[in-house]
Amino acid sequence: MEARWQAWLIENLLLGVPAEDLGPTLAAEGHSIAEVEEEIAKAQAHPYLQGARKVAERLARREWLLRTLGELAALAPRAGALEPEPFTGAEDFLRDHYACSRPALYRGLVEDWSALEWTPAGLGERFGEREVEVQWGRSQDPLYESRSNTFKRRVPFRELSAAIAAGPSNDVYLTANNGRANAWLAETLLSEVGCEGGLGALDAILDPTALLESTFAWIGPEGVVTPLHHDLTNNLFVQVHGRKRFYLASALQVDALYNHHHVYSSASLSRPDLEACPELDRVRVFEIELGPGDVLFLPVGWWHEVLGLSASISLTFTAFRWPNAFPRHSESER
């Protein structure tokens, strides 16, 4: 039996699929009944599988706990809604949101920022021939986000601005994945983003000494889509120009979110296909629309999908005053 079918067999046995249910699939792929029976017996008797089953059982217990906690969280009277609230300072934010991984929505929190005067066209005029790295050609690949390195391209800022002005598109987008290559842009924007030499209310929760390497720009046209995924850090998302719509789901519901690769999901919360992804039916979705000056706290592990409702400029910050670097599974480094 080919290695790929051996791997498929082992995976399904570890997932608890009855051996008798695996035979028809293998037989349909040209394997004889005798070969299938022999391979299943060999797999079940192998010490590697017996050892792997102990790991699978441990993971199953954790998945049960996550699912149970997710179902309990969904019983809350306001489940499915994320209400705006006033920002009352660092201590309350730490206790009520950061330490307990609970999202927060602050309307108009940075409405006094001078950055709210930015537009893609205005930045294009200012920066002209200065090169920026962007994602370009994304629409040719449905997995454009997980394969973002394939679409990195350096262009004059005026080209990015012209592409945004051309109208709705998901083909071009300057994102956080371009952050390292666009250090000059982050430094320039940070120097004029806030008010009175700081970030206003955000100064209470962000570390000013780490802002430069932990601030990321998002600049794109109407129609850009960031597919469903979760981040590996806590994030503070600030909408500067234009509007975006977020679809959020709790980290506790990961078992229903089709996490097919790394931090990415094969499902969509904005366009759920319940035939292909029936588990989505039990996911509580938080739908939020952000406009200029709005701030959204996204806890680490929370799933989100983002739609650009207009040409927009956004900034994300990860330089919190509290720990925001966590040990990662080796897959997260790939």
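Overview of the structure.

Definitions and limits used
Residues numbered from 1 in each chain as written. Predicted model: local features only at pLDDT ≥ 70, side-chain atom pairs only at ≥ 80, totals over all residues. Heavy atoms only, no water. Pairing = 2+ DSSP bridges. Helix = DSSP H or I, 4+ residues; strand = E, 2+ residues; numbered from the N terminus. Axes fitted to C-alpha atoms, helices over the stretch in contact; angles between N-to-C directions. Buried < 20%, exposed > 50% of the residue type's maximum accessible area, 1.4 Å probe, protein only. Core = buried A, V, L, I, M, F, W, Y, C linked by side-chain atoms within 4.5 Å. Contact = heavy atoms within 4.5 Å. Phe/Tyr/Trp six-rings, centres within 6.5 Å; stacked < 30°, edge-to-face > 60°.

1. Thoughts on the sheet that holds strand E10 (residues 295–298)
- Pairing in this open sheet of 5 strands is antiparallel, and the strands run E1-E10-E7-E12-E5 from one edge to the other. Sheet topology places strand E1 (104–106) and strand E5 (215–220) at the edges, where each strand pairs with a single neighbour. Going from strand to strand, the sheet's axes swing by 20° on average, the running direction of each strand aside.
- As defined by bridge partners, strand E7 (residues 235–241) adjoins E10 across 4 bridges and the pair is classed as antiparallel.

2. Points about the environment of Tyr48
- You can see Tyr48 is positioned in helix H4 (residues 47–73).
- Spatially, the C-alpha atom of Tyr48 lies 10.0 Å from that of Ile10, the residues being 38 residues apart in sequence.

3. Re unusual backbone geometry
- Even without being glycine, Ser101 reaches a positive phi, approximately 55°.
- Phi at His262 takes a positive value of approximately 50°, unusual for a residue other than glycine.
- Given a relative accessible area of 16%, His262 falls into the buried group.

4. Examining the nonpolar core
- Within the largest apolar cluster, 45 residues are counted, with the highest numbers of intra-cluster contacts made by Trp113 and Phe317.
- Residue contacts for Phe317: discarding those within four places in its chain leaves Trp113, Leu190, Leu199, Leu206, Leu211, Ser214, Thr215, Asn234, Asn235, Leu236 and Val238.

5. Notes on the packing of aromatic side chains
- The full count for this structure, using the stated rule, is 16 aromatic pairs.
- Ring centres of Phe93 and Phe297 lie 5.0 Å apart, and the angle between their planes is 75°; this geometry places the pair in the edge-to-face category. Remark: Phe297 occurs in strand E10 and Phe93 occurs in helix H5 (residues 90–98); sequence separation between them is 204 residues. The exposure classification of Phe93 matches that of Phe297, with both residues buried.
- With a centroid separation of 5.2 Å and an interplanar angle of 50°, the aromatic rings of Tyr98 and Trp322 are classed as tilted. With Tyr98 in helix H5 and Trp322 in the segment after strand E12 (312–317), this residue pair connects regions lying 224 residues apart in the sequence.

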